[in-house]
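Tertiary structure, described
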2 protein chains.
Amino acid sequence: MKSAGEVFRLEKSDGAARAGVVQTAHGEFQTPVFMPVGTQASVKGVSPDELTEMGAKIILGNTYHLVVRPGLEVMGQMGGLHQFMRWDGPILTDSGGFQVFSLAKIREVKEEGVWFSSHVDGKKLFLGPREAVRAQVALGSDIMMAFDECPPWPCSREVLEKSLERTLRWAKLCREEQEATGTKNLLFGIGQGGDQADLRQKSCEGLLNIGFDGYAVGGVSVGEPEREMMKAIDASIPFLPMDRPRYVMGLGHPDQMVRMIGKGVDMFDCVLPTRVARNGTACTVTGPTSVRKANWTRDEGPIVEGCGCYTCLRFSRAYIQHLIKAEELLGLRLISLHNLYFNLETLRQARRAILEGRWQGWSREFLERYQRGGGSKEEEEET
Amino acid sequence: MKSAGEVFRLEKSDGAARAGVVQTAHGEFQTPVFMPVGTQASVKGVSPDELTEMGAKIILGNTYHLVVRPGLEVMGQMGGLHQFMRWDGPILTDSGGFQVFSLAKIREVKEEGVWFSSHVDGKKLFLGPREAVRAQVALGSDIMMAFDECPPWPCSREVLEKSLERTLRWAKLCREEQEATGTKNLLFGIGQGGDQADLRQKSCEGLLNIGFDGYAVGGVSVGEPEREMMKAIDASIPFLPMDRPRYVMGLGHPDQMVRMIGKGVDMFDCVLPTRVARNGTACTVTGPTSVRKANWTRDEGPIVEGCGCYTCLRFSRAYIQHLIKAEELLGLRLISLHNLYFNLETLRQARRAILEGRWQGWSREFLERYQRGGGSKEEEEET
C-alpha cells in the first residue's frame, strides 16, 4: 500500500468538488476522470489510437471476462493487458466480483470465494479474493479492485449485513495478497451496504481500518431508482478519506456524473457511451438524442455544434443518420467516438470549472441545460 | 465522351498485362487498381481517413442503394456523394442495373426501364437508362456505369440474346443522356452475353459502335463456376480497345485478379475483403485464413509478416483472434483494414512488376504461393 501522497495529489477543492491527480505505474491522470470501459480488452469498436486522440487517459478492463477468455495463462504469455491490447496508459480492472454475481452461473459461494460456470463455455472456474488479486497482478492492472460480493436490489437487510461482513473479510485478504505479491500496482477497496445508510458507513469504516490506496462505492447502478443510488453515495462519501481518490463504479449518465462530482467523487466508468451508440443514441448537451428519429435527414451540421470530436469535426448529422438507418457499422463507430469524447470532455470541463473556482455556476448551468432537453429518459428507453 | 488520351494513359505493357493511369474529375489513379466498395456511402466499418491511409485511390458507390436510401433528393441537397461521405478522390458508381435484377423485387421490366420495389420499404421506384445516368450525375460520380440488364446464370441462349439487345439499346440511351446533361464525368459501357462467346463479342462490338469512355465486363460472378467466368472474360477482352480502361465488375479473389491482370484487365472491385472479415477470415499470401480456427492463441506475430497495414503494424495474431472469438467489433474492423490493404497492395505490387518488366515471374510466384496455401476454398466455405 502506498501513502496517500504517493497516490493522490489534491489540486483544488470547490465546495465538495475536487480536482486532483492520481499517480499509477503507467503514469498519472487528472481527476475528475471518465474511464472508457474495455471489458474484453477492447473499448467496443474503438482503437487505442482513437482513445488517445479523444484524450482518454485511463481505461477499464474486466478480470472476470479476461479470466474466462482468453484466460490468464494466455494473458501472462502475451505480456499482460497493456501489451495485449496496445494501450500504454493506466488501466483499472474490476475484480470480477460484480460479474461473478451478475453474469456467471454461480455454482457455489464459499468463504474462500466463488465457484462459477463461464458464461462462454460453461467451464467451471474459481475466483476468490486472493485469486482476484493474483489475476489482476498477472494482467498488469495499474489499479486493482478488491474482490467483493455485490448483492442485488432490492435485498433484505439480513442478506446485506452478511454480504457486507464477507466483503470486508475478502477485502482484508485482498490487501494481504497485494502485499504478498510485492506488486507496485494500486488496490482500491469497494464499499457495499445496499440501500442501508448505516451499513454503507460501516462498510467504509471497515475498509479504512484495513487501508487501501483508494476507495470505491460499489453495489450501485444495479437496478435501483436513481434516488436510492444517490442516497447510497451520500451515505458513503463522508466516510471516505479526503486524501485518496474516490471512485463510484459503473456510472453514469453525464448529469449523474456531474452531480456526483459535486459530492466529491473523482473517478467514473460506464459502458453507456458505446452501449447507447449501438442503439443509435448520441450524447448531447441537452441530453441523449435518437439519431434515427431526429430531424437530421438534410442537416449539414455536426451532432453537437462546437464539439471537438473526430465525428463532429468531419461528418454531418445527415450522414450519421443515413449510416444508422442503413445499419452501416461506421455509424455505430462514429457515434461511439462522439459519445466517449462527450463524456471525457464533460469531465474535463468540470475539472477546469473546479480549478477556476466556478464549479457552482458551471454545474448548475450544465444540469439545467441537460435536463431541459429531456435528461436521461429517452436514453433509457433506447437502451 | 472524352478522347481515349483524356481518359487513359498506358504507361507500360508486359505481355497482355498493362500499367496505366486513368484521369477523372476528382484526380487520377494508377492501374491495375482495386476499388473498395462503399455500397451505401460507406466502405463497411472503415473511415475515409483509413481508406486514404491504406492507399485507396478510388472507391465505389451503388446508385441503386443510394436511390433507395437516402434518396437522390437528399443526396443532391447534401452536395453529392463526395461531400456526403467526405471522400475527395474519384468515385465509380454502379448504375443500379445489377441490383435491380438481383436485390429488388421487380414489378415490371419495360423497354424504358424497370419498375421495382425498394428492398428497404417496398416503395415503388423506377430506373431506366436515362434515369440511371441522371442519378449518377446527381451523385457526382466520376465514373458512371451504363444501365444494363444482368441475366442470371444459367440462362438460355434465347434469353441472353434478347437481354443483350436490350442492354445495347439502353447503353445507347445512356450515352445520349450523358451528352444531354453536359456532365464532365466519364461513362463506361458494360458488356454482357453470359457464357456464349459469340454474344460476348457481339456485346463488346455493339458498345464500341456507340463509344464509351471505358469498358466493363458485366454479368460475371453471378454464380457461375470460375472456369465459365474466365471464359466469358477471355471472350470479351480481345474486342475491347487497347487505349481505354477495362474493368471487370464485382471481382474478385486476389488470385483471380492477378490472373485477369495477365489478360489485360485494369480495374477491379469486390466486397470480399470486408465481407469475409465479418466471418473472421483474413487475406494472406497463402490464401484466406480463418482467424478463429488458426493456431494463433499465443502468436505475437502480425497477420501477415512484413505487411504494412494498420493492423499488422500494431496488433498480434493472438489479440485479433481474441477479438473475433469475443465478438468484439474492433476485430472485424482490424481484419477489414488488413484485407482491404492486402488487396490494394497486391495490385500495387502487380503494377510495379509490370512497370519493371517482371510480370511473368511475379504473377507465377504469387499464384503458386497463393494456391499452395489452399487458394480460395476456405474463404468460400466461410462466406
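Rules of the game
- Residues numbered from 1 in each chain as written.
- Chains lettered and ligands numbered in written order.
- Predicted model: local features only at pLDDT ≥ 70, side-chain atom pairs only at ≥ 80, totals over all residues.
- Helix = DSSP H or I, 4+ residues; strand = E, 2+ residues; numbered from the N terminus.
- Rg over C-alpha atoms; globule rule 2.2 N^0.38 Å.
- Buried ≥ 20, exposed ≤ 12 C-beta atoms within 10 Å, placed from the backbone.
- Contact = placed C-beta atoms within 7 Å.
- Pairing = 2+ DSSP bridges.
- Axes fitted to C-alpha atoms, helices over the stretch in contact; angles between N-to-C directions.
- Least-squares fit on C-alpha atoms with pLDDT ≥ 70 in both.
- Domains from an automatic or database assignment.
- Nonpolar A, V, L, I, M, F, W, Y, C, P; charged D, E, K, R; others polar.
- Parallel < 35°, antiparallel > 145°, perpendicular 65-115°, else oblique.
- Left-handed = near helix turned anticlockwise from the far one by under 90°.
- Core = buried A, V, L, I, M, F, W, Y, C linked by C-beta atoms within 7 Å.

1. Observations regarding the overall build of chain A
A count of helical and extended segments in chain A gives 17 helices and 16 strands. Scaling as 2.2 N^0.38, a compact globule of 383 residues should have a C-alpha radius of gyration of about 21 Å, and chain A matches this with 20 Å. Within chain A, the fraction of its 383 residues that count as buried is 56%. Relative to all contacts within chain A whose residues are 6 or more apart in sequence, the contacts with residues 24 or more apart total 70%.

2. Digging into the sheet that holds strand S2 (residues 17-24) of chain B
All names here are of chain B. Taken in spatial order, the 3 strands of this open sheet run S1-S2-S3, and their pairing is antiparallel. Every other strand in the sheet has two partners, leaving strand S1 (8-14) and strand S3 (27-31) as the edge strands with one partner each. Strand-to-strand twist across the sheet, computed as the mean angle between neighbouring axes with direction ignored, equals 10°. As paired elements, S2 and S3 share 5 bridges and run antiparallel to each other. When the bridges of S3 are listed, Val-21 appears paired with Gln-30.

3. Re the relation of the copies chain A and chain B
Note on the copies: chain A fits chain B at an RMSD of 0.0 Å, the axial shift is 0.0 Å, and the rotation between them is 180°. Look at the turn and shift together and you get a two-fold axis relating the two. Interface residue correspondence from chain A to chain B reaches 100%, placing this contact among same-surface, isologous pairings.

4. Considering the interface of chain A and chain B
In this complex, chain A contributes 29 residues to the contact, which on the side of chain B involves 29 residues. Broken down by element, the side of chain A that touches chain B gets its largest block of residues, 5 residues, from helix H14 (residues 317-325) of chain A.

5. Here we look at the domain arrangement of chain A
Residue and element names in this part refer to chain A. With domains assigned, chain A is organised as domain 1 (4-270) and domain 2 (277-382). On a C-alpha basis, the centres of domain 1 and domain 2 stand 27 Å from each other. Listed per partner, the contact involves 28 residues of domain 1 and 28 residues of domain 2. Those elements that place two or more of their residues in the side of domain 1 that touches domain 2 are strand S1 (8-14), strand S2 (17-24), strand S4 (33-36), helix H2 (48-53) and helix H11 (254-261). It is H11 that contributes the most residues to the side of domain 1 that touches domain 2, 6 residues altogether. For the side of domain 1 that touches domain 2, a count of residues per class yields 13 nonpolar, 6 polar and 9 charged.

6. Brief notes about the pairing of strand S4 (residues 33-36) of chain B
Residues and elements named next belong to chain B. Neither face of S4 is open: one carries Val-33 and Met-35, the other Phe-34 and Pro-36, and all of them are buried. Looking at chain direction, S4 and strand S14 (residues 267-270) are connected through 4 bridges and run parallel. Across the sheet, residue Pro-36 finds its bridge partner in S14, namely Cys-270.

7. A closer look at the packing of helix H7 (residues 129-139) of chain A against helix H8 (residues 157-181) of chain A
Residue and element names in this part refer to chain A. Orientation of H7 relative to H8, taken along the N-to-C sense of each, is 40°, at an axis distance of 8 Å. Accordingly, the angle class assigned to the pair H7 and H8 is oblique. As H7 packs across H8, the resulting crossing turns out to be right-handed. In this structure, H7 contributes Pro-129, Arg-130, Ala-132, Val-133, Arg-134 and Val-137 to the contact, and H8 contributes Trp-170, Leu-173, Cys-174, Glu-177, Gln-178 and Thr-181. Of the residues belonging to the contact of H7 with H8, the class tally is 7 nonpolar, 2 polar and 3 charged.

8. Considering the nonpolar core
A:Phe188, A:Val248, B:Phe188 and B:Val248 are the most contacted members of the largest nonpolar core, which totals 238 residues. In contact with A:Val248, not counting residues within four places along its chain, are A:Val217, A:Val220, A:Ile233, A:Met260, A:Val265 and A:Phe268.

9. A word on the sheet that holds strand S7 (residues 105-110) of chain B
All names here are of chain B. Spatial strand order, S7-S8-S9: 3 strands in an open sheet with antiparallel pairing. The two strands at the open ends of the sheet, each matched to only one other strand, are S7 and strand S9 (124-127). The mean angle between the axes of side-by-side strands here comes to 20°, regardless of whether they run parallel or antiparallel. Across 5 bridges, the pairing between S7 and strand S8 (residues 113-117) is antiparallel. When the sheet's bridge partners are listed, Ile-106 is paired in S8 with Phe-116.

10. Details of helix H11 (residues 254-261) of chain B
Among the 8 residues of H11(B), 6 are classified as buried, and the element is accordingly described as predominantly covered. Those residues of H11(B) that sit buried are B:Pro254, B:Gln256, B:Met257, B:Val258, B:Met260 and B:Ile261.

11. Points about unusual backbone geometry
All names here are of chain A. Cis geometry is found at the peptide bond from Thr-31 to Pro-32, where omega equals 0°. Take Pro-32: it is sitting in the loop between strand S3 (27-31) and S4. In this model, Arg-69 is joined to Pro-70 through a cis peptide bond whose omega is 10°. Structurally, the position occupied by Pro-70 is in the loop between helix H3 (63-68) and helix H4 (72-77). Its identity is not glycine, yet Ala-41 carries a phi of approximately 65°, on the positive side. Residue Ala-41 is classed as buried on the basis of its 27 C-beta neighbours within 10 Å.

12. Observations regarding the pairing of S14(B)
Residue and element names in this part refer to chain B. Here S14 shows two buried faces, one formed by Met-267 and Asp-269 and the other by Phe-268 and Cys-270. Where strand S13 (residues 246-248) and S14 come together, 2 bridges link them in parallel fashion. Paired with Tyr-247 across the bridge in S14 is Met-267.

13. Looking at the environment of B:Leu10
Residue and element names in this part refer to chain B. Its place among the elements puts Leu-10 in strand S1. Note: C-alpha distance between Leu-10 and Pro-238 (228 residues apart in sequence) is 17 Å. The contacts of Leu-10, once residues within four sequence positions are left out, are Arg-18, Gly-20 and Asp-243.

14. Topic: the environment of A:Glu177
Residue and element names in this part refer to chain A. Looking at where Glu-177 falls in the secondary structure, it is placed in helix H8. Glu-177 sits in the buried class, given 23 other C-beta atoms within 10 Å. Excluding residues that lie within four positions of it along the chain, Glu-177 makes contacts with Pro-129, Arg-130, Val-133 and Arg-134.

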